[in-house]
Amino acid sequence: GKNPQTEIHKFLVASLWTQTHGVVDPFTGSHLFTCFRAMDWKTQIDMVQPLRQMKSKKSYYENPGHGKWKLTAGAGIPAAEKVGKE
């Protein structure tokens, strides 16, 4: 129901869904790839590249283990929840 328009918003929404409703916490790039395919969104060769950028520039993600990702409680989850409400 969020209808994300930008790639960043799509990654945030897919991450939030995976982490909360998909019960995969932490998740991997493969989980996001599956979400993007299910939504018929364009996938990338490196599905975690945007996560790395948002981790360093916005602190939206943390990397708790090799290949594992999760939205941060302080910045990432609120940003993802805000998508579609702008």
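The structure contained in this document is the topic of the report that follows. Every chain is numbered on its own, with residues counted from 1 as its sequence reads. The model is predicted, so local features are restricted to residues of pLDDT at least 70 and side-chain atom pairs to those at 80 or more, both for listing and for counting; the totals for chains, interfaces and linings are taken over all residues. With hydrogens and water stripped out, all remaining heavy atoms of the structure feed into the side-chain values.

Considering the nonpolar core
Now for step 1: Think of a nonpolar core as a cluster: buried Ala, Val, Leu, Ile, Met, Phe, Trp, Tyr and Cys residues, connected wherever their side-chain atoms sit within 4.5 Å. Only protein chains enter the accessibility calculation, which uses a 1.4 Å probe; a residue whose area is less than 20% of its type maximum is buried, one above 50% is exposed, and one in between is partly exposed. Ranked by size, the top nonpolar core spans 21 residues in total, and within it Phe11, Leu12, Leu32, Leu51 and Tyr61 carry the most contacts.
Now for step 2: Strands here mean DSSP runs of E at least two residues long; helices mean DSSP runs of H or I at least four residues long; both are numbered from the N terminus. A per-element tally of this core places helix H1 (residues 7–20) first, with five residues.
Now for step 3: In this description, contact between two residues means that some pair of their heavy atoms is separated by no more than 4.5 Å. Ignoring any residue separated from it by four or fewer positions in sequence, one finds Leu32 in contact with Phe11, Ala14, Ser15, Thr18, Phe27, Met47 and Leu51.

Section: the packing of aromatic side chains
Now for step 1: Between the rings of Phe, Tyr and Trp (Trp by its six-membered ring), a pair exists once the centres lie within 6.5 Å; its type follows the angle of the planes, with under 30 degrees stacked, over 60 edge-to-face, and the other angles tilted. Taken as a whole and judged by the stated rule, the model has three aromatic pairs.
Now for step 2: Between the aromatic rings of Phe11 and Phe36, the centroid separation amounts to 4.6 Å while the plane-to-plane angle is 45 degrees, which identifies the pairing as tilted. Linking Phe11 in helix H1 with Phe36 in helix H2 (residues 29–38), this pair joins segments that are 25 residues apart in sequence.
Now for step 3: Note on Phe36 and Trp41: the rings are 5.1 Å apart at their centroids and 80 degrees apart in plane angle, and the pair reads as edge-to-face.
Now for step 4: A residue is classified by how much of its surface remains accessible, and Phe36, at 0% relative accessible area, is buried.

Description of the environment of Thr28
Now for step 1: Within the element layout of this structure, Thr28 appears in the loop between H1 and H2.
Now for step 2: As a C-alpha pair, Thr28 and Lys57 span 29 residues in sequence and 20 Å in three-dimensional space.
Now for step 3: Excluding residues that lie within four positions of it along the chain, Thr28 makes contacts with Gly67 and Lys68.

Focus: H1
Along an α-helix, a turn takes 3.6 residues, which lines up residues three or four apart on a common side.
Now for step 1: For H1, spanning 14 residues, the distance from its first C-alpha to its last is 20 Å, which sits close to the expected 20 Å at 1.5 Å a residue.
Now for step 2: All of the buried residues along H1 are Lys10, Phe11, Leu12, Val13, Ala14, Ser15, Leu16, Thr18 and Gln19. Under the convention used throughout, the expected extent of a helix is 1.5 Å for every residue step, that is, one less than its residue count.

A short note on the side chain of Thr72
Now for step 1: Position of Thr72 among the secondary structure elements: in the loop between strand S2 (68–71) and helix H4 (76–82).
Now for step 2: We call two N or O atoms a polar contact when they sit within 3.5 Å, provided that within protein one can donate a hydrogen and the other can accept it, with sequence-adjacent residues counted only if both atoms are side-chain atoms. Side-chain polar atoms of Thr72 contact the backbone oxygen of Ser59, separated by 2.8 Å.

A few points about the layout of surface pockets
Now for step 1: Quantified by volume, the largest pocket comes out at close to 180 Å³.
Now for step 2: Computed over the protein atoms alone on a 1 Å grid, cavities are sets of points where a 1.4 Å probe fits but cannot get out and pockets are open sets with protein on both sides within 12 Å along at least five of seven lines; a residue lines them when it has an atom within 4 Å of a point. As for the largest pocket, its lining consists of Gly1, Lys2, Asn3, Pro4, Val13, Ala14, Trp17, Cys35, Ala38, Met39 and Trp41.
Now for step 3: The set of elements that each furnish at least two residues to the lining of the largest pocket consists of H1 and H2.
Now for step 4: For the lining of the largest pocket, the leading source of residues is H1, giving three residues.
Now for step 5: Here the residues of the lining of the largest pocket sort into eight nonpolar, two polar and one charged. Grid points are joined across faces, edges and corners, and a volume is the space filled by probe spheres set on the points. Amino acids outside the nonpolar list (Ala, Val, Leu, Ile, Met, Phe, Trp, Tyr, Cys, Pro) and the charged list (Asp, Glu, Lys, Arg) are all regarded as polar, and Gly is one of them.

Considerations on the pairing of strand S1 (residues 61–65)
Now for step 1: At least two bridges found by DSSP between two strands is the condition for calling them paired. As judged from the three bridges shared by S1 and S2, these two strands associate in the antiparallel manner. For Tyr61, the partnering residue across the bridge sits in S2 and is Leu71.
Now for step 2: Between S1 and S2, which pair antiparallel one after the other, the connecting turn spans two residues, and Gly67 there sits at a positive phi close to 80 degrees.

Note that every value here comes from positions in space, so none of it alone points to a role or purpose.
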